[in-house]
Amino acid sequence: MRRIIATLLAIFLTVPAEPAFAYLKFGTRVNGRQVTLKWMQTPVKYFVSSRSAVPGVSVDDFQAAIGRAFAQWQAVPTSAIAYQFAGLTAGLPGEEDGMSTLGFRNRPELDRVLASTNFLVDISSGALLESDIFFNSSFSWSTAAAGEVGRFDLESIALHEIGHLSGLGHSALGETELREGGGRRVLGAEAVMFPIAFGSGTIAGRTLKADDIAGISDLYPDGDFTASTGSISGTVTKDGQPVFGAHIVAFDPATGSMVATFSLNAQGQFSVNGLSPGPHVVRVEPLDDAEIDSFFDASLAVDIDFKVSFFDRLVVVAAGGDRGGVTANVSRK
Amino acid sequence: MAAVLTALQVTAARAQPVGAVPGRLEFDAGIVWAGAQPLGSQEANLTTGTGSTLRLFSSTSDLLAAVGFEGRVAVKVTRTVDARVSMSYAKPELRTRVTNDLENSAGAIVPESIQQYVVGGGIDWYVASRRSDARIRPFVGGGAAYLRQLHEGATLVATGTSYDAGGGVKLLLASRTRPRQLMRAAGVRLDARVIVRTKGITFDGRRSIAPAAAASVFVRF
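Residues numbered from 1 in each chain as written. Chains lettered and ligands numbered in written order. Predicted model: local features only at pLDDT ≥ 70, side-chain atom pairs only at ≥ 80, totals over all residues.

### Describing the overall build of chain A
Step number 1: A count of helices and strands for chain A gives 4 helices and 21 strands.
Step number 2: Across its three principal directions, the C-alpha atoms of chain A cover 55 × 50 × 40 Å.
Step number 3: Out of the 333 residues belonging to chain A, those deemed buried represent 53%.
Step number 4: Nonlocal contacts in chain A, meaning residues at least 24 apart in sequence, comprise 70% of its contacts between residues at least 6 apart. (Helix = DSSP H or I, 4+ residues; strand = E, 2+ residues; numbered from the N terminus. Buried ≥ 20, exposed ≤ 12 C-beta atoms within 10 Å, placed from the backbone. Contact = placed C-beta atoms within 7 Å.)

### Focus on the overall build of chain B
Step number 1: Looking only at helices and strands, chain B has 1 helix and 12 strands in total.
Step number 2: Secondary structure elements of chain B occur, N-terminal to C-terminal, as α-β-β-β-β-β-β-β-β-β-β-β-β.
Step number 3: Partitioning the contacts of chain B with sequence separation of at least 6, the portion at a separation of at least 24 is 65%.

### Some words on the packing of helix α1 (residues 59-74) of chain A against helix α2 (residues 154-166) of chain A
A packed helix pair is summarised by two numbers, namely the angle formed by the two axes and the spacing between the axes.
All names here are of chain A.
Step number 1: α2 packs onto α1 with a crossing angle of 50° between their chain directions and a minimal axis gap of 9 Å. By the criterion of interaxial angle, the relationship of α1 to α2 is oblique. Between α1 and α2 the crossing geometry is right-handed. In this structure, α1 uses Phe 62, Ala 65, Ile 66, Arg 68, Ala 69, Phe 70, Gln 72 and Trp 73 to contact α2, whose residues at the interface are Leu 154, Glu 155, Ala 158, Leu 159, Ile 162 and Ser 166. (Axes fitted to C-alpha atoms, helices over the stretch in contact; angles between N-to-C directions. Parallel < 35°, antiparallel > 145°, perpendicular 65-115°, else oblique. Left-handed = near helix turned anticlockwise from the far one by under 90°.)

### Digging into the nonpolar core
Step number 1: Counting 104 residues, the largest nonpolar core has Ile 248, Ala 250, Met 258 and Val 282 of chain A as its most contacted members.
Step number 2: Taken domain by domain, the makeup of this core includes at least three residues from each of domain 1 (3-215) and domain 2 (225-330) of chain A.
Step number 3: Those residues in contact with Met 258 of chain A that lie beyond four places of it in its chain are Leu 173, Glu 190, Ala 210, Asp 211, Val 249, Ala 250 and Phe 251 of chain A together with Ala 44 of chain B.
Step number 4: Residues Ala 34, Ala 90, Ala 212 and Ala 214 of chain B belong to the second largest nonpolar core, which totals 6 residues. (Core = buried A, V, L, I, M, F, W, Y, C linked by C-beta atoms within 7 Å. Domains from an automatic or database assignment.)

### Details of the interface of chain B and chain A
Step number 1: The interface is formed by 30 residues belonging to chain B together with 32 residues belonging to chain A.
Step number 2: Put simply, the parts of the chain that give the side of chain B that touches chain A at least two residues each are β2 (37-47), β3 (53-63), β6 (93-99) and β7 (108-113) of chain B.
Step number 3: In terms of residues, the side of chain B that touches chain A owes the most to one element, β2 of chain B, which gives 6 residues.
Step number 4: Partitioning the side of chain B that touches chain A into residue classes produces 11 nonpolar, 14 polar and 5 charged. (Nonpolar A, V, L, I, M, F, W, Y, C, P; charged D, E, K, R; others polar.)

### Considerations on the domain arrangement of chain A
Step number 1: Assigned domains within chain A: domain 1 (3-215) and domain 2 (225-330).
Step number 2: Taking only C-alpha atoms into account, the centre of domain 1 of chain A sits 25 Å from that of domain 2 of chain A.

### What to know about the pairing of strand β8 (residues 115-126) of chain B
On any regular strand, side chains alternate: one points to one face of the sheet, the next to the other face.
All names here are of chain B.
Step number 1: Of the strand pairs in this sheet, strand β5 (residues 81-90) and β8 are connected by 10 bridges, and their pairing is antiparallel. Looking across to β8, one finds that Ser 88 is bridged to Val 118.
Step number 2: Sheet analysis places β8 next to strand β9 (residues 136-150), joined by 12 bridges and oriented antiparallel. Paired with Gly 120 across the strands is Ala 145, a residue of β9. (Pairing = 2+ DSSP bridges.)

### Overview of the sheet that holds β9 of chain B
Step number 1: Here 8 strands make up a closed barrel; going around it, the order is β1-β4-β5-β8-β9-β10-β11-β12 (chain B) and the pairing antiparallel. The mean angle between the axes of side-by-side strands here comes to 25°, regardless of whether they run parallel or antiparallel.

### Here we look at the environment of Val 67 of chain B
Residue and element names in this part refer to chain B.
Step number 1: Within the secondary structure layout, Val 67 lies in strand β4 (residues 66-76).
Step number 2: With 36 residues separating them in the primary sequence, Val 67 and Ile 31 have C-alpha atoms 6.8 Å apart.
Step number 3: When sequence neighbours within four positions are dropped, the list of residues in contact with Val 67 reads Ile 31, Trp 33 and Ala 90.

### A short note on α2 of chain A
All names here are of chain A.
Step number 1: Taking 1.5 Å as the rise per residue, α2 with 13 residues should run 18 Å; its terminal C-alpha atoms sit 18 Å apart, in good agreement.
Step number 2: Of all 13 residues in α2, 13 are buried; the element is thus mostly enclosed.
Step number 3: Phi for Gly 167, located one or two positions after α2, is positive at around 115°. (Expected span 1.5 Å × (residues − 1).)

### So, the confidence of the model for chain B
Step number 1: With 88% of its residues at a pLDDT of at least 70, chain B reaches an overall mean of 88.
Step number 2: Here the complex is predicted with pTM 0.89, and the ipTM for its interfaces comes to 0.90. (pLDDT = per-residue confidence, 0-100.)

### Regarding unusual backbone geometry
Residues and elements named next belong to chain A.
Step number 1: The residue after Thr 42, namely Pro 43, is reached through a cis peptide bond having omega 5°.
Step number 2: Along the chain, Pro 43 falls in the loop between β3 (33-36) and β4 (44-49).
Step number 3: Of note in this structure, Asp 239 is not a glycine but carries a positive phi near 55°.
Step number 4: Mapped onto the elements of the fold, Asp 239 is located in the loop between β13 (230-238) and β14 (241-242).

### A short note on the environment of Ile 133 of chain A
Residue and element names in this part refer to chain A.
Step number 1: Within the fold, Ile 133 resides in strand β8 (residues 127-136).
Step number 2: In this structure Ile 133 comes out as buried when scored by C-beta crowding, with 24 C-beta atoms within 10 Å.
Step number 3: Placed 85 residues apart in sequence, Ile 133 and Val 48 show a C-alpha to C-alpha distance of 9.7 Å.
Step number 4: If sequence neighbours within four positions are ignored, Ile 133 has contacts with Pro 93, Leu 102, Ala 115, Thr 117, Glu 161 and Leu 165.

### Topic: helix α3 (residues 210-219) of chain A
For an α-helix, the turn length of 3.6 residues means that residues three or four places apart are oriented alike.
Residues and elements named next belong to chain A.
Step number 1: Counting buried positions along α3 yields 10 of 10 residues, so the element is predominantly enclosed.
Step number 2: Among the residues of α3, those classed as buried are Ala 210, Asp 211, Asp 212, Ile 213, Ala 214, Gly 215, Ile 216, Ser 217, Asp 218 and Leu 219.
Step number 3: In the core, the buried residues of α3 are packed alongside α1, α2, α4 (225-228), β16 (258-262) and β17 (269-275).

### Details of the confidence of the model for chain A
All names here are of chain A.
Step number 1: In this model, chain A carries a mean pLDDT of 88, and residues with pLDDT of at least 70 account for 91%.
Step number 2: Mean pLDDT across the secondary structure elements of chain A bottoms out at strand β1 (residues 3-9), with 42, and peaks at α1, with 98.
Step number 3: Residue range residues 1-23 is modelled with pLDDT below 50. Its contacts to residues more than four positions away, or to other chains, number 74 contacts.

### Some remarks on the environment of Arg 185 of chain A
All names here are of chain A.
Step number 1: Checked against the element boundaries, Arg 185 lands in strand β12 (residues 184-189).
Step number 2: Given 13 C-beta atoms within a 10 Å radius, Arg 185 is considered partly exposed.
Step number 3: For the pair Arg 185 and Phe 198, spaced 13 residues apart in the sequence, the C-alpha separation amounts to 7.6 Å.
Step number 4: Those residues within four positions of Arg 185 in sequence are excluded, and the remaining contacts are Thr 176, Glu 177 and Arg 179.

Following this line, the structure appears as structure tokens:
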């Protein structure tokens, strides 16, 4: 079996060139075809490094916090993903040992990376074989129920990384502002899979949002997910030309929930899956609230030179159906 | 038995001045206007680091007022009461107004067209009139109906119940009392109602109340 290790940090991922995906997922090419990376067998067994104690967080605290994070993803009723704690290991995350291991490692040189997820992938099928998550112990961590000032909430960050471990890429459903001296500060986010974490001391990232639930359900559909939800698909154009990398948000005016995607190919095509039946407002915006390479390969030309705009009709989503042919025209800034 | 017959005759005699419309079976057709139905507001919120919300944009939705067609068949039940079945069709617009965009978008008004069918029944009661030959016959009434609303493209259906109560007048333009004539009366019906809808297209799950008015022509046989 041919194997390759793809190392993907929380702020960095590869992106499939086509087809248009409903949600940003990790992908790889198998025999010239783009294949979504996912676990072929569940439950996904994971180990906890017995060397995971850091100041303020014992191994037991660590195991409990990530257990709660795994449980949240597993509790999504429309997703079939399941996880199983397989025990403690003396190994560390990042070692190719056939075990998916979570633990701390001290990486002070990664001064903006709280955590990252690595994959071992079978490139003949796209199946995930192993996935490790390391949490950077050069930062201060907490598992306190209400959080702790000056410490990052382990459960929140684990929730994000487990999304990666499951095969999800980043969501752009958030707003940021530039910091003086570099970097960005998150003003708000409506997806755990937003690439930039909230600051230390907060536990606001402990809850999955509609966008995360749609993403994991799209990747591992269960029950009546496909029959009970619908999708919107179409293209984004500017001056008659397709736009690559536009961020498309489907907003349900009945519930206020938002699910988002990108136009993901050279034709500007997009597809938003996992939408509740009913009319939706479609908002198109440039990808300007995080670094482009948090979402796409830096070599891809993402167009951010257009104004935020709304599709001119309510788009009605039917259960089990796709409302195709939505052409959203945007104009230059 | 004699006592009963006597009582009926007395009742009939007393009912004579009441403003019933001649004829037993009525058909009418016309137009109906229904007022706007607010569907509520929702904000597209992001969660902040403190757990509060940051508004990305706001939305307010309404099912707009619309004029449609209405048809009705009524049967005289008593001298003063008609039972009716009715059907109406309209194409109101569902409109969402987007405002307060965080990134200074100009906002938008995004509509869709709804096809609305209402099929139901009710009772009309003719209010007593001192003049038996009055050409204006006031009435009050109420009813309940099945509501079926199809979203644009007819891919999604919302159903519910519609209740109405109100009153109006029938203007008799022609009235014949000779027994051999098939058509007994013809005229114009004008009414105003309050419509209460449950379910159907609703964003907040609450019942909605809207005014309505209708005008139609009728014939009675």
